[in-house]
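Residues per chain are reported as follows:
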Amino acid sequence: MPRRSDITSILVIGSGPIIIGQGCEFDYSGTQAVKVLRELGYRVILVNSNPATIMTDPEFADATYIEPITAQSVAEILRKERPDAVLPTLGGQTALNVTMELAANGVFEELDIELIGASLQAIEAAEDRGQFKELMDDAGIATPRAHYVRTTEEALSALEDLGLPVMVRPSFILGGGGTGLAYSAEQFDEIVSNGFAASPVGELLIEESIAGWKEYELEVMRDAADNAVIVCSIENIDPMGVHTGDSITVAPAMTLSDREYQEMRDDAIACLRIVGVETGGSNVQFAVDPRTGRRIIIEMNPRVSRSSALASKATGFPIAKMAAMLAVGFTLDEIVNDITKATPASFEPTLDYVVVKIPRFDFAKFPSVDPVLGTSMQSVGEAMAIGRTFPEALQKALRSLETGRLGLGADPTEHELESVSDDDLLLALPVASPVRIFEVAEALRRGLDAGAIADATAIDPWFIDQIAETVGIRHMVETNPNDPEILRTAKRFGFSDAQIAYLWKTHEADVREQRSVGSISVTYKTVDTCAAEFAASTPYFYSTYEEESEAPPSGPKTVMVLGSGPNRIGQGIEFDYCCVHAAFALEETGYETVMVNCNPETVSTDYDTSTRLYFEPLTAEDVLAIVEVEKPMAVIVQLGGQTPLGLAGALEAAGVPIAGTTPDAIDMAEDRERFSRLCTEFGIRQPANGTALSAAEAHAVVDRIGFPALVRPSYVLGGRAMRIIYSIEELSAYLTEMYGATPGGEVDLSRSPLLIDRFLESAIEVDVDAVFDGVDLYVGGIMEHVEEAGVHSGDSACVVPPPHLSTDVVAEVRDITRRLADGLGVRGLLNIQFAVQGDDVFVLEANPRASRTIPFISKATGVPLAKIATRVMLGESIAELQASGVLPPTTPDLPYTAVKEAVLPWTRFPDEDTMLGPEMRATGEVMGLGDSTGMAYAKALSGAGHKVPNEGSVFLSLADRDKPVGAEIARTLTDLGFKIYATHGTAGNLARHSIATTHVDKVGEGPYDPLRLISEDRIDLVINTPAGGKARGDGRLIRMAANRHGIASVTTAAGGLAVANSIAANRLADGAVLSLQDHHKAILQ
Amino acid sequence: MKRGLVALADGTVFEGISVGVEGISAGEVVFNTAMTGYQEILTDPSYAGQIITFTSPHIGNYGTSREDDQDDKIHARAVIVRSLSRVASSWRSDMPLTDYLAAHNTVVVSDVDTRRLTRHIRESGAMPAAIGSDVDSRELIDIARATPSMSGLDLVSSVTTSETYVTETAGERRGHVVAYDFGIKRDIIAAFTSRGFDVTVVPADTTARATLALAPDGVFLSNGPGDPEPLSQPIEAIRGLLGEVPVFGICLGHQLLALALGATTYKLPFGHHGGNHPVQRLSDGAVDITAQNHGFAVDLWTLSGSETPVRRGLADRTHIPTGIDSPFGLVDGTHHNLNDGTNEGLACRDIDAFSVQYHPEAAPGPNDARALFDRFVDTIGDLSAEAQ
């Protein structure tokens, strides 16, 4: 059936902020979907609270609502827009959950709105474990064997049936208490008796253990005519027991025979039919017992997912776009395969290459957790690589991760494992961790038994052998310096020049030279869905070392954009957004664009975002090789965050033209000495600062600049490196903690000099994003942070227009921005962070590149700054852009307020102190728009998932310095009718302001123990600001308790006041919603 | 490591490493795009006379297992791969592929830029090639040039059984099928025996009279290698069977049925060899993903006497010819390939005979089309029930 004409408007639900487990893959999916639905002529309405997404760009939908994805606000949008249909399958779990809630509230029925993509029944059947198991069992698709038991006798007979090991799960318990895996009869007896005690109903589920089984995923598409295809099979290298998001995964599946694969395929398609996914893409997960081949189904997601984004990038088959088309009535055979243009989408892609995805972790930011992988996802990003073989793809993926590794070992970091004994290495192998793959390689390098390694890790022996073969090549390289044949073989196994240089104890340039002499040059192959069976025009390439290269001849007007690599905390979707905008702007102005990136979750790695896509690691070797083929007239390095900036030097040295601001100017901004000289020269104030190479020097610097001081090592050594220090004692403790004391008590700072800045207390932090062309400056926006300076800008909320800055301060901020832009020689973007103390304006840092706030400020003001900057980098002037109407004459005055709020991963890390500080830990952001700062902030808080109460009780405990603001917070909240619980000092202070409070005890003492109040649900909001430098103690316990109980918790006074004001504003709100397009229209009026 | 070479008749040479037995082997080089099932492909008699290039880069990962063999021997002349696994990782494996290839005396070249080779075949067509080690590339090109093309070649006589044999069903007996062995795969025989039918496998040159003398409930025309046109004896036999007994054909069997009905066949530029071919059924538009392995195709339009319609855009099922007159009554095209619009199936309206170009038995490939066996056995089962 072709396009449905009985519906004309569709609401698409996005996935909200980037959180662990729900990354920017849903922007990629959603963008594809809204694009195609509009092309098909539907009116598209979009809701998503995340401003850093491409899908929320105002031109992508007819009406874009940057609103919280809650049942309440989506219902409001539905009532206003009255769409014919809602498409809930593209916004991850968030969209499914809100859809189920809306359905339960009867909203769809009330408004006569149809769900397309997946019916409510299908969503419920897939989401409800019990129902799903029953459906699968009925259809003869195996699920884990299990018995419910109520007596010890029943438990023993269950054990007899299942055999050890078994999983014991008490029924109706919270948080997994009493659950355990029994490997022996003794363990079983103990777990069972504890389990009966733990279960309130005295019931246990005894289930066969599938830990260590092989794990697979199939991406299935099904259309309304019941045609079904498997787009991609994915095999996890890490076995069952490691979350698939945290596993190294490979596509296609490598170790299944045809018989087994086809049976799995049959089950997957049957599963979609039984669950009732009538149209669209679903992900079905299986576990296979490596000893017997027994296959069981684990779960299915009736929606596009992280894996489907990976599958799309791995195959070239755009799952989300197809899912959207199928949802509006098309069948697969009616859709043209975009890649061949001559064959339909009703086929199964076949791969003549191997894809490896490796997750990226940021454990150093979260000291409360061990870097051990388990069933709960902890990774914050991922890199994907394509190679002709598994070893090549694996090594490319490892160097794409940017964790300092050059590939699978053969790099300086491998020395870390040298001192580990063979026995310890074998003991470490069963523990899944981010470094296990290197441990496996090291064990093989030492000649430890491959079978023992496979047993210890439960990694399939085929993968172990492939790694062994790679390690064998490494040995050949090591023992045959400068052998051209071995060099060629090594390149075909994915070794980087840097690895070979390390093994040959020479320079990378020397290896490159030897390759050139031996004519060992890189070739590019096309990702074409069909293993070359049909001619393809896909502009999607990966590098390998083969005989034939398929890269097209370079065009005359080509610009290369370097992406930002895997997401990590501090470098996320915002930078990909900027890169995508550059590609769009270049295309609009007649350039051919070449995108280089290795992050499968992103819009930038969609093959139709740029003219040509190279899915490649962002290393100097890989990028220079593409430059050689594409011969770009300019390379853009200032939009993808630190990753491309780190390559600018190597590119420039190789004579590659860099677009816009020169690497030298970038260096001037990053080099503290050079930047300080520049500021002095221009009479621009910076906080007093200094650099210390020894403990004595550090003491001398703080003597000069005074406390509090912000300290950090110039090279991050791991952990939470940046800290605010209030005393000499704290400084000494910090130095020992960071650098480790020598036996003589001395601390060696020479490896990484300590940077020390005077910390400006109670200063307002301000962010500015601007574009400079050498003559004119366009200020994109001046953003005032909610939290004081000292909280990392990525973790703090910010507001535009700035509510507390005087006209004079704003003028001075603009003036300094202009002078620094000029002084640094900026061509393109400039971000400056200021601290404003009273009327004094200090520059904290300047970054002549895209900042994290570009998407937010672009959305807030309706001016696409990254696009403007791209055109300026390539030579257009701001005056020209203004004359042609592309850019407004001045920064728009906003008739509304926009707030950006950071989203932090505390629910994933329940033992982490939620206190905000100078080290960034946010994974994503949301935006709130409203008539007042309070209203906009309320929406941002709601969008970020904070359950800010409208009434109830608040717990207040403030550091001395915050007590003046504390009175204002308390007054606002008591006026709103809140009951206030306060700690001793805070209560006394508030009493002096005639504010009545209930006095609470210290933790563990007395009836008013704050932890007990929290656990008894007697507190609805916690405002707790830590006293200077002391992160430990009661405050920490209180913040963690609030986090565990899902109670909104604020750790800064300024944040507390903003929350109090937002509650006041929210009380008055009428719930009305306005689209981004309508907001922007109001600017012009 | 010993250098191995692949030389094509057009003079193109590809380098790799010789990993199989010593020697030189020649045949028509084709590529197969399946990502699993190398063992079934290697032992499929339809590959007689051909050199197989696997586009999937890693071959041999899960070893080999006797139960996956489609015949006793490897029929392919030689094998070209990107990477051959050193180990076999599967609970079912009884021999690593390296040993299996050696045991079957197969010439193998590994580490070849198989994608370049595939693109070359796609552009220039399947062509004779020679592969080997310890040989000069010019010599190898000459060998390739001296190798005959597949067109007009009778390869069936080299793979068909010399003796008639019977495989009995293990279950409750529903009937009896005579299968013409043009290069039959074991999973096809299993598809009948598992459905309650005894299968009498007969040589390709068995006459209609001899077949009918076996009193079959139905006759099956198997897959097989190469060009159907030279197979005049089987075509004649089929003509003798049509209308007498229900007939079902697969692959070469489909082409032979078409020829018996008076249609023609032609050589495809590089054939269909893989497990991802979308085939659409005319009756309801349903699409199956199918396993395919053929270098020739059926043209039903020649039978209709009208011009083959020119295709614009995606394959269009209104382009499937139906209701064509033949000496055996009306014939309908029933299926077509959505990739290139080629014929994938036919059925006679007035007699019990139908056939498909693809492989419903899969092995290797998707099981989407398995129901075709049910359709056939249900037809003949009903007929034999009526007869009793």
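Residues numbered from 1 in each chain as written. Chains lettered and ligands numbered in written order. Predicted model: local features only at pLDDT ≥ 70, side-chain atom pairs only at ≥ 80, totals over all residues.

A. The arrangement of the overall build of chain A in detail. The secondary structure content of chain A amounts to 37 helices and 38 strands. Relative to the compact-globule value of 31 Å for 1085 residues, chain A shows a C-alpha radius of gyration of 29 Å, a close match. Along the longest, intermediate and shortest principal axes, the C-alpha atoms of chain A span 75 × 75 × 75 Å. Counting only residues that meet the buried cut, chain A has 59% of its 1085 residues in that class. (Helix = DSSP H or I, 4+ residues; strand = E, 2+ residues; numbered from the N terminus. Rg over C-alpha atoms; globule rule 2.2 N^0.38 Å. Buried ≥ 20, exposed ≤ 12 C-beta atoms within 10 Å, placed from the backbone.)

B. Seen up close, the sheet that holds strand E10 (residues 214-222) of chain A. Residue and element names in this part refer to chain A. The strand order across the open sheet built from seven strands is E14-E13-E10-E11-E12-E15-E16, with neighbouring strands paired in antiparallel fashion. Of all the strands in the sheet, just strand E14 (295-301) and strand E16 (381-387) have a single pairing partner and so form its edges. In this sheet, neighbouring strand axes are inclined to one another by 25 degrees on average, regardless of whether the strands run parallel or antiparallel. Running at roughly 125 degrees to strand E13 (residues 280-288), helix H11 (residues 319-327) makes contact with E10, strand E11 (228-236) and E13 of the sheet. (Pairing = 2+ DSSP bridges. Axes fitted to C-alpha atoms, helices over the stretch in contact; angles between N-to-C directions. Contact = placed C-beta atoms within 7 Å.)

C. Up close: the interface of chain A and chain B. Each partner contributes to the interface: chain A provides 47 residues, whereas chain B provides 44 residues. Taken together, the elements giving at least two residues each to the side of chain A that touches chain B come down to helix H9 (258-275) and helix H16 (461-479) of chain A. Broken down by element, the side of chain A that touches chain B gets its largest block of residues, six residues, from H9(A). Of the residues that constitute the side of chain A that touches chain B, the class distribution is 20 nonpolar, ten polar and 17 charged. (Nonpolar A, V, L, I, M, F, W, Y, C, P; charged D, E, K, R; others polar.)

D. Up close: the sheet that holds strand E3 (residues 24-32) of chain B. Residue and element names in this part refer to chain B. Strands sit in the order E1-E2-E8-E6-E4-E3-E9 around a closed barrel of seven strands; the barrel is mixed. Across the sheet, the axes of successive neighbouring strands diverge by a mean angle of 35 degrees, strand direction being ignored. Bridge count for strand E6 (residues 78-80) against strand E8 (residues 107-110) is three bridges, and the pairing is parallel. When the sheet's bridge partners are listed, Val79 is paired in E8 with Val108. Its contacts with the sheet put helix H4 (residues 137-146) on strand E1 (2-8), strand E2 (13-18), E3 and strand E9 (127-133), and the angle it makes with E1 is roughly 40 degrees.

E. A look at the nonpolar core. Judged by nonpolar contacts, the single largest core of 449 residues is most densely connected at Val356(A), Ile636(A) and Ala129(B). In terms of residue count, the dominant contributor to this core is helix H20 (residues 573-588) of chain A (eleven residues). Setting aside its immediate chain neighbours within four residues, Ala129(B) contacts Val6(B), Ala7(B), Leu8(B), Ala9(B), Ala26(B), Val29(B), Ile51(B) and Ala144(B). (Core = buried A, V, L, I, M, F, W, Y, C linked by C-beta atoms within 7 Å.)

F. Spotlight on H9(A). Residue and element names in this part refer to chain A. In this model, H9 (18 residues) spans 26 Å end to end at C-alpha, consistent with the 26 Å of a helix rising 1.5 Å per residue. By the criterion of burial, H9 is predominantly enclosed, with 13 of the 18 residues buried. Among the residues trailing H9, Gly276 stands out with phi positive, at a value near 95 degrees. (Expected span 1.5 Å × (residues − 1).)

G. Broad picture of the pairing of strand E27 (residues 764-772) of chain A. Residues and elements named next belong to chain A. Among the nine residues of E27, nine are classified as buried, and the element is accordingly described as predominantly covered. Across eight bridges, E27 lies against strand E28 (residues 777-788) in antiparallel orientation. Each residue of the ladder has a partner; that of Phe772, found in E28, is Leu777. The turn linking E27 back onto E28 is made up of four residues, and Gly774 within it adopts a positive phi angle of 100 degrees. Across nine bridges, E27 lies against strand E30 (residues 828-837) in antiparallel orientation. Within E30, the residue paired with Ala770 across the bridge is Leu830.

H. Focus on the environment of Ala1053(A). Residue and element names in this part refer to chain A. Assignment of secondary structure puts Ala1053 in helix H36 (residues 1053-1068). Taking C-alpha positions, Ala1053 is 17 Å from Ala835, a pair spaced 218 residues apart along the chain. When neighbours within four sequence positions are excluded, Ala1053 is seen to be in contact with Leu958, Asp962, Val965, Gly966 and Thr1025.

I. Local environment of the packing of helix H15 (residues 450-457) of chain A against H16(A). All names here are of chain A. Remark: H15 packs on H16, axes separated minimally by 9 Å, with the N-to-C direction vectors making an angle of 130 degrees. Of the possible angle classes, the one that applies to H15 and H16 is oblique. Seen from above, H15 lies across H16 with right-handed handedness. In this structure, H15 contributes Ala450, Ile453 and Ala454 to the contact, and H16 contributes Pro461, Ile464, Asp465 and Ala468. Residue composition of the contact of H15 with H16, grouped by class: six nonpolar, no polar and one charged. (Parallel < 35°, antiparallel > 145°, perpendicular 65-115°, else oblique. Left-handed = near helix turned anticlockwise from the far one by under 90°.)

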